[in-house]
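Chain by chain, the residues run as shown.
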Amino acid sequence: MLALRRWSVRRAHALWQFWRTLAGRAPRFAPLVHRVGRAPSESLLRPLERAAKGLFFDCRMCGQCVLSSTGMACPMNCPKRMRNGPCGGVREDGGCEVKPTMRCVWLEALDGQKAIASGGNDAAATRILPPLDHSRRESSTWLQAICDASSPGTPQERASSTQQGIHEPVATGDFEEACRSKRIVVTVEVAPPDSGDPAALVRRAAHFDGLVDAINITDGAGGNCHMSSAAAAAVLAANGRTPVCQVACRDRNRIAIQGDLLGAAALGVRNVLCLTGDDVSRGDHPQARPVFDLDAVSLLDIARNMSERGEFASGRRIEAMPRLFLGATANPFVPPYRDRVSNLEKKIDAGARFVQTQFCFDVAALADFMREVRARELHRRCTILVGVGTLASARALRWMAANVPGVHVPEPLLHRIEGAADQKTEARRICLETIEAVLDIDGVRGVHLMGHRNEEVLAGIIVASGLRERSPARAASLKPA
Ligand code: SF4
């Protein structure tokens, strides 16, 4: 089956032309469908469609086929059901984060899109695809295409036309102002506690008083259970800090996520980082069911519509729209390297105004990525913060590279730490050098520090790098934990 799927992608151009021809003839079948009736036509076409597309594309009959936009690679075969590009966990050899023996579906899709585009065709590769409509599962897309042919615009075109009427966003708070300013922006990541008591969280966040512009609160990072990110972000907001609430698509469907966004906004949380999320298999609940009702791009699109149009994904009005400042992640360090910028562009088109990258241990790879970002002027449309951090030893770093999806650590860097008399000090020195190097790259606006429960070390790095000095006055103005 996998071999046939790859065969179809290799022949994407021919298959796409065949599809175009059939789509062009679809209106001719409309009178016949009208005469036979929709239900009997569905019973007739569905098994045919299932057999043909199942054979060539491993089709899952989602009822809203997008093969013509995804290079003839079915995104339903992606374990996270990504519909708008690859996740950040693609392995260095191109293997899937979740199923390492399978090549990432989106690498296949990009190959297919390029084959289609090589014939001078617009394969609509950059269009934002709406989230899956689960009510259409098991229905025939062929029949839908015949019925649509008599009405103007494809479903996707009609979906994208809903982008019209979005209001110009207004500033939502300190962090957005920092991003709009000319100064270097500094953010840090803090994991919420395994506790029903917020005191420990506030104590850990206090390490960064006066040192950062915002504190990211992770959302079940690595598939592990902690206090909810919306609640932890609200705790920080109530205690005078500026949180960025991370929202992952792994654990909740669109109803729950939109409810969380409204709830977080009601509690003073304005900054939201939209991400797809890691697979559950590496976390402490590997038996849990991953949801992935949305991907990061469709989540951004929905959150932007909530914030700027005052509408839920269903189109229902929101009484008082939440004012959100939306961000996304980027990973320039894993395949498909050249297409990662297109992926970033899609996220910006969907509403991302700030971007935080995966850990940067490879400045040269970042420089390549930023060259293309500048060529497309994307750095003018969002604030790009580069992920940095340090670990205690080369062994810990090796473990992270092997076990944390999307982290790439070059061998020379590992050897440098391994060869040092004091590995911890050397790793810290490398982190400081990296901060200096990435801030020298045109288009990089700041850094995002990460490290699990490593607050003291990260705060020390911010001070040692000269990015910020401790500000007792500001720290004193915050509420006590
Ligand atoms: S690597 Fe990510 S995007 Fe690619 S198939 Fe696997 S889960 Fe999907």
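Below you will find a few notes about this structure. (Residues numbered from 1 in each chain as written. Predicted model: local features only at pLDDT ≥ 70, side-chain atom pairs only at ≥ 80, totals over all residues.)

## Regarding the overall build of the chain
The number of helices and strands found in the chain is 18 helices and 8 strands. For a compact globule of 481 residues, the expected C-alpha radius of gyration is about 23 Å, and the chain comes in at 24 Å, within 12% of that figure. For the chain, long-range pairs separated by at least 24 residues make up 79% of all intrachain contacts whose partners lie at least 6 apart in sequence. (Helix = DSSP H or I, 4+ residues; strand = E, 2+ residues; numbered from the N terminus. Rg over C-alpha atoms; globule rule 2.2 N^0.38 Å. Contact = placed C-beta atoms within 7 Å.)

## What about the nonpolar core?
Grouped together as the largest cluster of nonpolar side chains are 122 residues, with contacts concentrated most on Ile215, Cys274, Leu299, Leu300 and Ala303. The contact partners of Ala303, leaving out residues within four places of it in the chain, are Leu261, Val272, Cys274, Leu324, Leu326 and Gly351. (Core = buried A, V, L, I, M, F, W, Y, C linked by C-beta atoms within 7 Å. Buried ≥ 20, exposed ≤ 12 C-beta atoms within 10 Å, placed from the backbone.)

## Description of the site of the ligand
Around the ligand sit 14 residues, and of these Cys78, Cys87, Cys96, Cys104 and Val105 come closest. Taken together, the residues that form the shell around the ligand break down as 11 nonpolar, 1 polar and 2 charged. (Near = placed C-beta within 6 Å. Nonpolar A, V, L, I, M, F, W, Y, C, P; charged D, E, K, R; others polar.)

## Side note on the pairing of strand E3 (residues 243-248)
Along E3, 6 of the 6 residues are buried, which leaves the element largely enclosed by surrounding structure. Neither face of E3 is exposed, since Pro243, Cys245 and Val247 on one face and Val244, Gln246 and Ala248 on the opposite face are all buried. Between the parallel pair strand E2 (residues 214-217) and E3, the chain is carried across by helix H9 (residues 229-238), and the sense of this crossover is right-handed. By the bridge criterion, 5 bridges tie E3 to strand E4 (residues 271-275) in an arrangement that is parallel. Directly across from Ala248, in E4, lies its bridge partner Leu275. (Right-handed = clockwise from strand over helix to strand, strands pointing away. Pairing = 2+ DSSP bridges.)

Take it as geometry only, folks, not as evidence of what the structure does.
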